[in-house]
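Single-letter residue listing:
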4 protein chains.
Amino acid sequence: MLESIKADTSENAGDYEVRNVLAERYASPCMKEIWSPRSRVLMEREFWIAVLKAQKELGVQVEPGAIEAYERVKADIDLKSIEDRERQLLHDVKSRIEEFNELAGYEEIHKGLTSRDLTENIEQLQILRSLEHIRIKAIAALLQLSKRADQYKQFVITGRTHNSPAQATTLGKRIVMIGEELLHGLERLDHLINHFSVRGIKGAVGTQLDLLTLFSDDTSKVAALERKILEYLGVTKMCHAVGQIYPRSYDFEVISVLYLLSCPASNFATTLRLMAGHELASEGFGASQVGSSAMPHKMNCRTSERINGINNLLQGYVAASASVAGGQWNEGDVSCSVVRRVFLPDTFFAIDGLFEAFLTVVDQLQIFAARINHEKDEVMPFLVTSTILMEAVKSGAGRETAHNAIREHAISVKNELRTGKIEKNDLLQRLAGDDRIHLTREQLEFILSNGGRLTGSAGAQVDWFVRQSLGWASRFPQATQMRPGKLL
Amino acid sequence: MLESIKADTSENAGDYEVRNVLAERYASPCMKEIWSPRSRVLMEREFWIAVLKAQKELGVQVEPGAIEAYERVKADIDLKSIEDRERQLLHDVKSRIEEFNELAGYEEIHKGLTSRDLTENIEQLQILRSLEHIRIKAIAALLQLSKRADQYKQFVITGRTHNSPAQATTLGKRIVMIGEELLHGLERLDHLINHFSVRGIKGAVGTQLDLLTLFSDDTSKVAALERKILEYLGVTKMCHAVGQIYPRSYDFEVISVLYLLSCPASNFATTLRLMAGHELASEGFGASQVGSSAMPHKMNCRTSERINGINNLLQGYVAASASVAGGQWNEGDVSCSVVRRVFLPDTFFAIDGLFEAFLTVVDQLQIFAARINHEKDEVMPFLVTSTILMEAVKSGAGRETAHNAIREHAISVKNELRTGKIEKNDLLQRLAGDDRIHLTREQLEFILSNGGRLTGSAGAQVDWFVRQSLGWASRFPQATQMRPGKLL
Amino acid sequence: MLESIKADTSENAGDYEVRNVLAERYASPCMKEIWSPRSRVLMEREFWIAVLKAQKELGVQVEPGAIEAYERVKADIDLKSIEDRERQLLHDVKSRIEEFNELAGYEEIHKGLTSRDLTENIEQLQILRSLEHIRIKAIAALLQLSKRADQYKQFVITGRTHNSPAQATTLGKRIVMIGEELLHGLERLDHLINHFSVRGIKGAVGTQLDLLTLFSDDTSKVAALERKILEYLGVTKMCHAVGQIYPRSYDFEVISVLYLLSCPASNFATTLRLMAGHELASEGFGASQVGSSAMPHKMNCRTSERINGINNLLQGYVAASASVAGGQWNEGDVSCSVVRRVFLPDTFFAIDGLFEAFLTVVDQLQIFAARINHEKDEVMPFLVTSTILMEAVKSGAGRETAHNAIREHAISVKNELRTGKIEKNDLLQRLAGDDRIHLTREQLEFILSNGGRLTGSAGAQVDWFVRQSLGWASRFPQATQMRPGKLL
Amino acid sequence: MLESIKADTSENAGDYEVRNVLAERYASPCMKEIWSPRSRVLMEREFWIAVLKAQKELGVQVEPGAIEAYERVKADIDLKSIEDRERQLLHDVKSRIEEFNELAGYEEIHKGLTSRDLTENIEQLQILRSLEHIRIKAIAALLQLSKRADQYKQFVITGRTHNSPAQATTLGKRIVMIGEELLHGLERLDHLINHFSVRGIKGAVGTQLDLLTLFSDDTSKVAALERKILEYLGVTKMCHAVGQIYPRSYDFEVISVLYLLSCPASNFATTLRLMAGHELASEGFGASQVGSSAMPHKMNCRTSERINGINNLLQGYVAASASVAGGQWNEGDVSCSVVRRVFLPDTFFAIDGLFEAFLTVVDQLQIFAARINHEKDEVMPFLVTSTILMEAVKSGAGRETAHNAIREHAISVKNELRTGKIEKNDLLQRLAGDDRIHLTREQLEFILSNGGRLTGSAGAQVDWFVRQSLGWASRFPQATQMRPGKLL
C-alpha cells in the first residue's frame, strides 16, 4: 500500500508548499513580477505614500517626518508578518495598513480612504501593465507571422476545408489567415488599453464622503487629489459614479479580449498539429529533447498542444469572470473576492505562457517541402474542380448542371481510388467525355497543368498583412526585440 | 399511470411543433424578423441578385431575362420545399440554390461563389442589424435610468456594502452606478458596430480563385465586385485574408459584448429584488397580475428575476461561442455549424428580451419613501462612523487608534441591539466618553444630525450621467421613441 | 441597399415565426413530443385530474361530475387562448388553471397546491422520460460500436499519439476505446435514472401546509396522496425537505451526465475526421449528397462535424445550468425560470440529435484498407522502437542508455526522410551497428517483420467490450431495434 | 509615476515567487499535501519501486541491490535538479526517471511503461484521496447542519419565496432544505468513489505491448502485475480498453460532482447573507476582527461571500474540464496537459476551502430571535392567506373565486402600507366583509392567531434529516472529529 499519501483526514499534514503552476511553468519573469505578492505590497505602499504626499500638498495636516519614514521602510516587506496580522484581523488591507504603520512609526496613511480605494486601483494597474506587456507580445507575434508569410508567400500547398483537399493555396496565405485574426484581436486589445479606466478614489459607497470630510467639503481639492493620483498611476481615465467597487463586467471584458487573442494562436497550433501528423511540417524539436519515455522515435508537437490547452483553460477563466459580472448586491459585495484573486493573475500567466509558446513555435517552424509537394500532386485533379466548373460556365454550361456532372465523376474517381479499384486519378479523362461540361480535353488539361498556380489573391493578401504588421511595429518598436524565454 | 407520455422509444411519435421559446416569450417582433427563416431566405435571394447584377455590370455573361425572373420569384418562399430538397442533397445552400433556380427557370446565380460567400455575409448582416437594434435599446435604457436618477437625485437611502448598512447615499446615485456600467457596455457595442467587418466574397479557401477565373484573372473587377456588394449590404469594412470562414473569435467578441451589456441590468435587478424583499421598492405589479397560484397576497419581482435569469443564460452562450473560437482546422471546418445556428439567434433573442424587461422595470419602478426613511433612521449612527473617524483624525487622533476605538463601541452596540439587550442605538453616548476619539459630544451630535446630508459627490455624479445620456440620445434620437412591448 | 431587413427599430415588424432549430433539424420525433408545449399542457391536466381523484378518494369534497368534465375537455388544447390569459395575469400556471376550469365549467383542480407542485413534477417527468430515451440510444450506440469493433478486431492500423505514429493497434481496439468511455457514461446515466427523485407535493415553502389544511392536519392522508401521485407518475423516489423548488444542482447533474455521454461520440467523430482527411476512412456519403456548392469533388464529414459541434454546444448548457445551481434565495426564487425553459429542452434536443448523428455515422462508416496498409508500412520501423527497447533491455542494455541510442538514430532518420535526404527508412541498419542496443541485425529484422502483429491485448479488449454491450442489450432489448431517422 | 512596476517588457525582471493562492489561503494542510510537487515525486517513486518489485517477483531480471538503492534515495527530492533536467529534455517524466536513476545508480525503473502508465495512475490516486477527504468534510457538514436543524426545529421564521414573505416555516426546516441537497451531492460523491477506476498499466497506445514484450507475451503475468499494482494503490477498479490516456470525460465527472457539492453550501451562504442584511442572523465575527478599513462599525459576511465566490470559481473549472473532454485525437493527445495541471489541483483546493468556510460558518452561526419575531409579526396576515384560501374552499368557496377575492384585498393592503396610507395591516377585517370568502371574522381570527404554528411537516422533515445524517456518521465515524482550521 502506497505510503506517501495517507490522506486520513487528520490534519496533522506537514508543511507542503504549492506554487502557482501557470506562473512557474509557463509565464515570463515580467508577468510574474507584476503579479507577485511582493510587488503588490510595494505598489500599495507607494500608492499610500503618493496619496499622503498629495494630501499634504492640498493642505491636510501630516506629521513631520512621516512621509520620509514611510519611504524609508516601504521595501521592508515581510509577507509572513502581514499574514500573521491577517489571521487576527481577518481583513487583508487592515493588516497591511498596520504593518506599514508599525514599520514607519506613524498612523498617517489611508486617511479618507476605504480598502477598495487602494486595492481596486492597484489591481487595475496590474491589469493595465499586463495588457501592455501582452500587446508587445502580440505585435512580436504579428512580426514573426509576417516574416513566415513572406517567406512562404509563393509556396503552394493543398488547401483543406472540412479537413479534406479543397483548392490550392499558399502557405503564406494560410499564415496570414491566422495573422488577420491576430490583428483583429490586437486592435481590440489596443482599444481596451486606450480606454482603460481605473476606479479612482471614491470611498466606501462611491460618494467620496470621507475625502470630502477630510477636505471640509472642498470638492475642488478632492478633484485635484484624484487628478494627482491618476497622473501618478500613469493612467488617463477614471470611473465617475461607481459604488464600492468598479463593475465586474470590466474584468470580464479584459478576460474576453485576452481570450480573443488566444484564438488565432490556437487555430494555428491546431493546423500545425494536423500538418505534423503527416510530416508536412514540424514545430521544431530540440537536440536533447525527448518525445516519449516509451517510444524513442517520437517527436511530438508538445508546444502546439500547450497552446491549444491554454486556449481551453482560458475558457474556464472566461466562465469564472462572467459568473461574477452581473450579480452585484447594492453598492457592492465581495463575493467576487476569491474569484478575482484567482482568475486575474492566472489568466495573465496563461495568456503570457501562450504567447511564449506561440512565438517559439512560429520561430522554430519547419516545413517539409517534398512531403507537401507529394500530397499536392496526388490530389491536384480534385483541387481544380471549381476552376473547371467556372470555365464550363464561361463556355455556356448551366452552373448547377455542370456542377452535378463534375460531382458524379469526381465521386466515382474518389471511391475507386479509396477502394483500390483504380490507382491513378483519371478524373480529367472522364470529364472530357461528358458534354454537360462544355470543355475539351485540351482545355481541361491546360487547367490541370496550371493547377499549381491557381492561388488567386493569396500573394496580395500576404503583402497586405506584411504592411499591417510593419505599421504596428513602427508604433511599438520594442516589439521587434521581444524574444520568448526558453520553454519548460 | 400518466398516459400522455409514453416515450417508449418507438418513433411513431406524432408531429409536435416546438417553437423557439426565447423568440416567442421574450424577444421583440423586430428581432424575430431579423432571425426568422423566412427573412433569411429572402436576404439570401436579394444577395444573389445583387451579385448577379454586379457581375453583369462588370461584364459577366448573364442570360437575358434572368435577373428579372429571379426578382419576380424572390418572395415566393416555401420553406417546406427547401427542406425536402435538403433531405436529398444533405447540403443546405445547394438546396436553396436549386429551389431559387427552379422557381426562376435559370441557372445564373451563385457563379464564382462558394456557400460561405453567401452565408457568412448574410449571418454577419443579421448580426450587425441586431447589434444596431440593441444599441437603440441600450440608449433608451440610459435615458430611462437618467430620468429616474434625476428624479431621485436628492433622495437619501441607506447605502449597503456586503449587504449591510455602510454609508448614506442617494437613490439617484445608486441608479447612476448602474448607468455608468451600461454606458461602458454601450461604448464597447458602438465600437464593435463601427468596426464590424463582413467576410466579403473570398471563395472556397479564401483566395477568390473562382471569381478571378470568372473574370479571367482581372483583379480590379473582383475588387470592384466586392466593393459593390459591400455598398449593397450597407457595411464599410471587410475581412482581407480569411479562409473559408471568418474567424469564430469574431462571433465570441459579439457575444461577449452583449454579455457586457446584460450585466448592469442584472446588477440593477438584483438590487431591486433585495430592496423589494423589504418593501423599499417594487418593480410594479399589473392590475390583473397574479403573484402566486397558492398565496393570493404575493407580488413577486418576476421581471427582475427574468433579467437575472437571462444574464445567467447568456453565460451559456458565452461558453458555447468560446468553445468554437480557437479550434479551426486548416482553411476551415464546419464543426461550428450547429453551434452557431443556435447561439447566434438565441443570444440576440435573449439580450433583446432582457432589454424589453429592463426598460419595463425601470419604467414601472415604485419607491416607498416611508419604508426607506424608516430604515435609514434606524441605522444612522452606524452610517456616520467613517465621518466620525475623519473628524477624529482632523482633531488629531491617530487614524488606526480612533478606528479601533469606534469599532469596539460600534460592535458592542450592534451586538446588544441584536440580542435585545438594548433597544436604542446609543453609540454616540459611548463614543463621547472615549478620549481616543478626540471629539466632544456636541461635535458627535452635530455629525449625527447632519447624517442625512452626508452623500458627498452623489448629486454631481447624477448630473454627469444625465449629460452623458443626453449626448447619446442626440446621436441616436430614435432611442427616445423606443418603448418595450407588453411583457408575457 | 438590402431591402429585406430594415431593422429600423420601429416595432411594426410583421409576424415571423421562429421554430426551435435543435428540435426541428436534429432531434427525433419522440424527443420533440416529450418537450412540445402541447404535450406539456396535456401532462399537466392529467396530473391535476390524478390529484383530484386522489383527493376525492381520501375524502376531500369534490363536486359531482367535475372529474368527468375535466377528463372530457383535457385534450382541447388551445395554446393561443392560454397565452392570451397569461398576458393578463402575468402568471403562467394561473392561466392554465383558469383555461382548464373554464373549459370544464368547474373550479376543483389545484386545491392545496402551489404552482411548483405542478410544474416541478411535470418537468422532472419530462426529464426522466427523456433520460430513458437517451439510455436506449446509448445502448444502441454500444451495440453498433460492438459490431464494428468485432468486425475490425484484427485489422491493424497505425496507432497515433500526439497525432504522430506511435505503435500498431487495431481498428477494433480504437473503437472499443470509445466504447469503454460510452459504457462509463451509460453507467452514470443508468444510476441517475435509478435514483431520480421528483419533488412531490410540498406546497409553497415546502411544508405541505395547504394540503395539511385541506386534510385537517391528517398527515397520513397527505402521505397517502403523495404516494398515489408518485405511483401515477411512475417514479419511485421523492424529495423530502425541499422548499418551493427542488435544488437546481439536480438539473446541473442531469446536464452534466448528458455531457459525459456526448464525449465519447465527440472523440470518435474527431478521430474519424482525422482519418478521413487522409482517406483512411469515411463517414459515408449519400448518392445524391452534395459536399460543396463550389467544389463538386468534396465529400465532407458533415455529420461527424455535427457531433463535435453538439458537444461544443452542450458546454454552453453545462455552463448555463451551473450558473443557476448555487444561488437560491431563501425558500426559492425563480431567477432560474427563463434559464430552465431554454436549457432543459435544448439540451435534450441536442443530445438526442447527437445520438441520431452518431448512430448514423457508425452505421455508415467506410474503411479504406489499402490506404491504411500503405500508411502502416511506411511508418513500421518507427512503430517498433519500443519493442526494440524492451528487447534490448531483456538482452541486458540499460533502459535509458538504450532509449537514448534509439532516439538518436530514429530522429536522424526522421529528419532525413522529411528533408528528402533519404527516401527509405533505414533505421534498422543504423541500430544494428550501435552496440548500446545489444541486439543483432537478425533480432532487429525479426522484430520489424513481426511488427504487424504487435497489437498486444487489443483483441482481448474487443472481446471484453462485446460482452459488456451484450449485457446491456439483454437488459434493454428495445435498444436492438433503435434506428436513427434520416438526417437533415 | 509608480516606480514599482515598470513592465517595460524587458525580461530582466527579478525572481518573484508566486504561490498558489487557493492552496495558501483556503485549502487545508491535508489537501495541500496531496497535491504538493514534493508528494507527487515521492508517490511516483514509490509507484516505480512497486512496479519493479512486482516485475521481479514475476520473473523479470532486476540487478541485485537496485530495489534497495531506489528505496534508499526515494525521499531525496530535489525539485530544482529535476526542473534543470526538464529544461534539457523537454519531457517531464523522462527528467524524473533520470534523476531517480542517477540518485540510485541503476537504470531499472520504468521498464515496459510509458509515461502515462505512471502519471495517469498517480493523478487518479491524488484525485481519489482528495475525494475521500472531501467525503469526510461533507459528512461533517451534514452533522453540523443536523445539529443546527435540531436546535431550531421549532423556531418559526418568515418563509420567503421570490424574496418576499410567503408562508411561515421553521429555521430548522430552512436548514434541512440545504441539508437534503448536500445529502444528494454526497450520495453522488460516494458513488463516484465506489466506482472509481484507475487507468492501470496499458502502455503507449493502450495495448500493453511493451509489458507483454517484457514478459515474452505471457498475458497472465501482465494481468498479475496489474493486479498487484492495483492492490498496492489501494483501488479496486481499473479501466479496460483505454488508449494512451483515460478519457477526459472522467475528469469532468469528478469536477461536476464537486460542483454539485458546492451548491448547497452556496445556497446556504446566499440565504445567510440575506438574513444578515436585516440583522436576523450573522455568520459570527471574531473578537479582533475588522469589517472595513473605512467604516469601523462594519461586520460583514466575508466567509459566506467566500463560499459564494468559490462556487462561482468552480464554474470556471467545470468549463475548463468540459472543454477538454470530447476532443481527443486518435489514441490520445496531450493538449489537455496544461489544463489538467491547473484544474485538478485548483478545483480540489477550492472545494476544500469551501468546506473549511462552510463548516466554520455553520459552527459560528448566530440567530437573533427578537429581530426574527418582529419581522414575522409584521407580515403574519400575509403569511396565512393560503390557509384562508384552503379554509374558504373547505367552506364551499370556488378556489379561483376565493383566490381572486383575497388577492384583491391583500394587494390593496400591501399598497396602502407601502405608501403609508395605513399603518396597520387590516387584511382580516377586509376579508371578513367579503362574502366570496365564505369565512366569518371569528374563523379568520382563529387562523391568524394560530399563524405561528402553521409550519406543516417542517418538524418531521428535520427528524428525517437528522436520521440520515447519523446514518452517514456511523459509516464514517471520523467525520465526527473533523474540524475546520482557523480561516485566513
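Up top you'll find the structure we're talking about.
Treat the numbers as computed from the prediction; the structure is a model and nothing was measured.

> Please clarify how the overall build of chain A should be interpreted in this entry.
A tally of helices and strands in chain A yields 19 helices and six strands. For 488 residues, the compact-globule estimate of 2.2 N^0.38 gives 23 Å, and the C-alpha radius of gyration of chain A, at 30 Å, exceeds that figure by more than 25%. The buried share among the 488 residues of chain A stands at 72%. Intrachain contacts of chain A at a sequence separation of at least 6 include 79% that bridge at least 24 residues.

> Teacher, can you tell me more about the environment of Q244 of chain C here?
Mapped onto the secondary structure, Q244 of chain C falls in the loop between β4 (237–238) and α11 (249–277). Along the primary structure Q244 of chain C and A460 of chain C are separated by 216 residues, whereas in three dimensions their C-alpha atoms are 52 Å apart. Not counting the four nearest positions on each side in its chain, Q244 of chain C is found in contact with R116, R199, G203, A204, V205, E331, G332, D333 and V334 of chain C together with T161 and H162 of chain D.

> Help me understand the packing of helix α12 (residues 302–323) of chain C against helix α12 (residues 302–323) of chain D in this model?
If you want to describe how two helices pack, look at the angle between their axes and the distance between the axes. Interaxial distance between α12 of chain C and α12 of chain D falls to 10 Å at its minimum, and their mutual angle equals 165 degrees. Taken as axis vectors, α12 of chain C and α12 of chain D run roughly antiparallel relative to one another. In the packing of α12 of chain C onto α12 of chain D, the handedness of the crossing is right-handed. From α12 of chain C, Q315, V318, A322 and S323 of chain C reach across to α12 of chain D, where they touch Q315, V318, A322 and S323 of chain D. Looking at the contact of α12 of chain C with α12 of chain D residue by residue, the classes come out as four nonpolar, four polar and no charged.

> I'm lost on the nonpolar core in this one. Help?
In globular proteins that are soluble, nonpolar side chains generally tend to be buried together. Residues F358 of chain A, F358 of chain B, F358 of chain C together with F358 of chain D are the most contacted members of the largest nonpolar core, which totals 652 residues. Not counting chain neighbours up to four residues away, the residues in contact with F358 of chain C comprise A141, L145, I178, L182, A265, F268 and I307 of chain C.

> Explain the relation of the copies chain C and chain D here, please?
One chain copy maps onto the other through a rotation about an axis and a shift parallel to that axis. In screw terms, the move from chain C to chain D is a rotation of 180 degrees and a rise of 0.0 Å along the axis, fitting with an RMSD of 0.1 Å. Both copies of the chain, as the preceding transformation shows, are related through a two-fold rotation axis. Most of the interface of chain C is mirrored in chain D: 100% of its interface residues are interface residues there too.

> When you look at the interface of chain C and chain D in this model, what are you seeing that I'm missing?
When the parts come together, some accessible area is lost, and that loss is often what is quoted as the size of the interface. Between chain C and chain D, the contact holds 95 residues from the first and 95 residues from the second. Across the chain C-chain D interface, the total number found is six salt bridges. Among the elements that line the side of chain C that touches chain D, the one with the most residues is α11 of chain C, at 13 residues. Of the residues belonging to the side of chain C that touches chain D, the class tally is 33 nonpolar, 44 polar and 18 charged.

> What should I look at first to understand the pattern of salt bridges in this one?
Side chains that carry opposite charge are capable of pairing whenever their charged atoms lie near each other. All names here are of chain A. Under the definition given, this model contains 174 salt bridges over all chains. The closest approach of N and O atoms between R40 and E44, which form a salt bridge, is 2.8 Å. With a gap of four residues between them, R40 and E44 both fall in helix α3 (residues 37–57), about one helical turn apart. When sorted by exposure, R40 lands in the same class as E44, which is buried.

Rules behind the numbers
- Residues numbered from 1 in each chain as written.
- Chains lettered and ligands numbered in written order.
- Predicted model: local features only at pLDDT ≥ 70, side-chain atom pairs only at ≥ 80, totals over all residues.
- Heavy atoms only, no water.
- Helix = DSSP H or I, 4+ residues; strand = E, 2+ residues; numbered from the N terminus.
- Rg over C-alpha atoms; globule rule 2.2 N^0.38 Å.
- Buried < 20%, exposed > 50% of the residue type's maximum accessible area, 1.4 Å probe, protein only.
- Contact = heavy atoms within 4.5 Å.
- Axes fitted to C-alpha atoms, helices over the stretch in contact; angles between N-to-C directions.
- Parallel < 35°, antiparallel > 145°, perpendicular 65-115°, else oblique.
- Left-handed = near helix turned anticlockwise from the far one by under 90°.
- Nonpolar A, V, L, I, M, F, W, Y, C, P; charged D, E, K, R; others polar.
- Core = buried A, V, L, I, M, F, W, Y, C linked by side-chain atoms within 4.5 Å.
- Least-squares fit on C-alpha atoms with pLDDT ≥ 70 in both.
- Salt bridge = Lys/Arg side-chain N within 4 Å of Asp/Glu carboxyl O.

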